[in-house]
Structure formats: C-alpha cells, structure tokens
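# Structural features, examined
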Amino acid sequence: MKKILTIALAFSIIALISACSSYNYYSVGGNEAALSRYSSFAWLPPIKQTRNVAYNNELADQRIHESATEQLESRGLRLKSKNPDLLVRYSIMVDTKERVYDQPVYNYVGGGYYPRAALYRGRLAYYYAYSAPYPVYVGNDVERIPYKEGTLIIDLINRKSRKVIWRGYGVGEVENAARTIEDIPKIVEGIIKKLPLNKVK
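None of these values were measured; they are calculated from a predicted model.

Aromatic rings considered in pairs are described by the distance between their centres and by the relative angle of their planes. Throughout the structure, instances matching the rule amount to two aromatic pairs. Here the aromatic rings of Trp43 and Tyr90 are separated by 6.5 Å at their centres, their planes lie at 80°, and the arrangement is edge-to-face. With Trp43 in strand S2 (residues 40-43) and Tyr90 in strand S5 (residues 86-109), this pair connects stretches of sequence that are 47 residues apart. For Trp43, a relative accessible area of 19% corresponds to the buried category. Over the ring of Tyr147 we find Arg99; its NZ or CZ atom is 4.0 Å from the centre of that ring.

This part covers helix H3 (residues 58-73). Here H3 is 16 residues long and its end C-alpha atoms lie 22 Å apart, about the 22 Å a rise of 1.5 Å per residue gives. Of the residues flanking the start of H3, the one acting as N-cap is Asn57, its side-chain oxygen 3.1 Å from the backbone nitrogen of Leu59.

All right, on to a nonpolar patch on the surface then. Together, Tyr106, Tyr108 and Tyr137 give the surface a local cluster of nonpolar side chains, amounting to about 390 Å² of exposed area. Tracing the backbone through its elements, the reader meets Tyr106 in strand S5. The exposure class assigned to Tyr106 is partly exposed, which follows from its relative accessible area of 43%.

Note on placement: Asn31 falls in the loop between strand S1 (23-28) and helix H2 (32-35). Taking the C-alpha atoms as reference, Asn31 lies 9.2 Å from Ile165; in sequence the two are 134 residues apart.

This part covers the pairing of strand S7 (residues 123-131). Burial within S7 is sparse, with just zero of its nine residues counted as buried. Pairing of strand S6 (residues 112-120) with S7, which is carried by nine bridges, proceeds in the antiparallel orientation. The residue of S7 that forms the bridge with Leu119 is Leu124. Taking the residues between adjacent antiparallel strands as the criterion, S6 and S7 are bridged by two residues, where Arg121 takes a positive phi near 55°.

Calculation rules
- Residues numbered from 1 in each chain as written.
- Predicted model: local features only at pLDDT ≥ 70, side-chain atom pairs only at ≥ 80, totals over all residues.
- Heavy atoms only, no water.
- Phe/Tyr/Trp six-rings, centres within 6.5 Å; stacked < 30°, edge-to-face > 60°.
- Helix = DSSP H or I, 4+ residues; strand = E, 2+ residues; numbered from the N terminus.
- Buried < 20%, exposed > 50% of the residue type's maximum accessible area, 1.4 Å probe, protein only.
- Lys NZ or Arg CZ within 6 Å of the ring centre and 35° of its normal.
- Expected span 1.5 Å × (residues − 1).
- Polar contact = N/O pair within 3.5 Å; in protein donor to acceptor, adjacent residues only side chain to side chain.
- Patch = residues over 30% accessible without salt bridge, like charges linked within 9 Å, V, L, I, M, F, W, Y side chains within 5 Å.
- Areas by Shrake-Rupley, 256 points an atom, 1.4 Å probe, with all protein chains shown as cover.
- Salt bridge = Lys/Arg side-chain N within 4 Å of Asp/Glu carboxyl O.
- Pairing = 2+ DSSP bridges.

As structure tokens, this is what we get:
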C-alpha cells in the first residue's frame with residue numbers, strides 16, 4: 001500500500017511539473033560589441049538529432065523558423081538570402097531520463113505494556129508501564145520515474161569563417177508533444193532573450 005501511495009505521489013509531482021511547462025535557458029559565446037557588427041542572416045537546414053516525429057516535423061520546423069526570425073528581426077537583424085552576415089541553424093534533441101525518488105523505510109519494533117517495580121511508601125510495588133515502539137531503519141524505497149527531456153539549440157554562425165559565434169538553448173520536459181509544439185514561440189523567445197542584443201525600438 002505504501003509503495004502504491006509513493007508511486008501515485010511521484011506521478012502527481014510529474015503531472016504538476018508538466019502542467020507548469022517550465023524551461024531553462026542558457027547561452028554561450030558572443031557579446032554585444034561583437035554581435036552588433038552583424039546586420040543580416042539566413043537559415044541553414046536544421047540538424048536532425050532526434051528521429052521522434054512528434055518533435056521533428058514540418059509544423060515544429062515552421063514554428064521555430066517563424067518565431068526565431070521574428071525575434072532576431074526585433075533585435076535589428078534582417079532576413080537576407082544573398083550574402084548574409086550570419087547563418088542560423090537549429091537542432092532538437094529528445095532524451096529519456098529518470099527522476100529518482102529515494103525514501104527511507106523504517107520498521108517499528110517494540111512497544112506495549114511492560115512490568116515495572118518501584119518503591120512506594122517504603123514498599124516494593126509492581127505496575128505496568130507503556131513503552132512506545134521505536135523506528136528501526138531497514139533501507140530505502142527507490143522509485144525511478146522515466147520522462148523525456150527536450151533541448152532546442154539555436155546557433156548563429158559567421159558565414160565567412162563558418163564558426164559558431166553564439167549558441168543559445170532551452171531545456172525542458174516534453175512529455176506532451178502537442179503542448180511542446182504550442183510552446184515553441186515561448187521557448188524560442190526565451191532562447192533569443194539570452195542574445196546580447198537589445199530590441200530595436
């Protein structure tokens with residue numbers, strides 16, 4: 001019964017996390033002075049690092065392109081197919097991971113009424129006293145709950161040197177593919193916010 005309750009609690013926690021659709025965002029490389037030298041970009045084909053058609057499909061591709069283009073243009077970069085300064089590329093990874101819930105397990109021993117003796121008015125008196133059971137550690141109850149973690153990576157590449165000058169990525173749980181695709185504009189916005197270029201007013 002305890003094991004069933006533990007599993008139910010774990011699934012409830014996962015459902016709550018999934019409902020929040022939280023993502024973490026990171027970036028490496030680039031600074032405002034270096035990136036301000038660039039004014040245009042064009043798209044490269046994506047790197048398909050997952051074969052999961054739920055996340056690697058035309059709808060997801062369209063949403064990423066539209067959202068990233070809008071975000072980059074809002075920061076002064078314009079889409080240009082001929083001789084752009086930057087090449088933009090994205091990749092998606094979906095990995096299966098585990099959440100581990102580790103709880104100590106105790107067995108309660110002892111307890112009950114035990115005979116006692118004590119001096120009462122100069123005489124030895126016998127009585128029963130209650131002793132509460134005490135916990136004895138017997139091990140850990142470990143539950144392993146699998147989940148899928150998705151990572152969307154966006155690279156800005158210098159067209160002439162072919163070197164990545166900035167990389168931003170968002171990481172989050174992707175148990176629900178339809179919800180994740182709906183979240184793409186928000187995920188892309190979170191990634192591009194890490195780009196050290198201010199929005200054009």
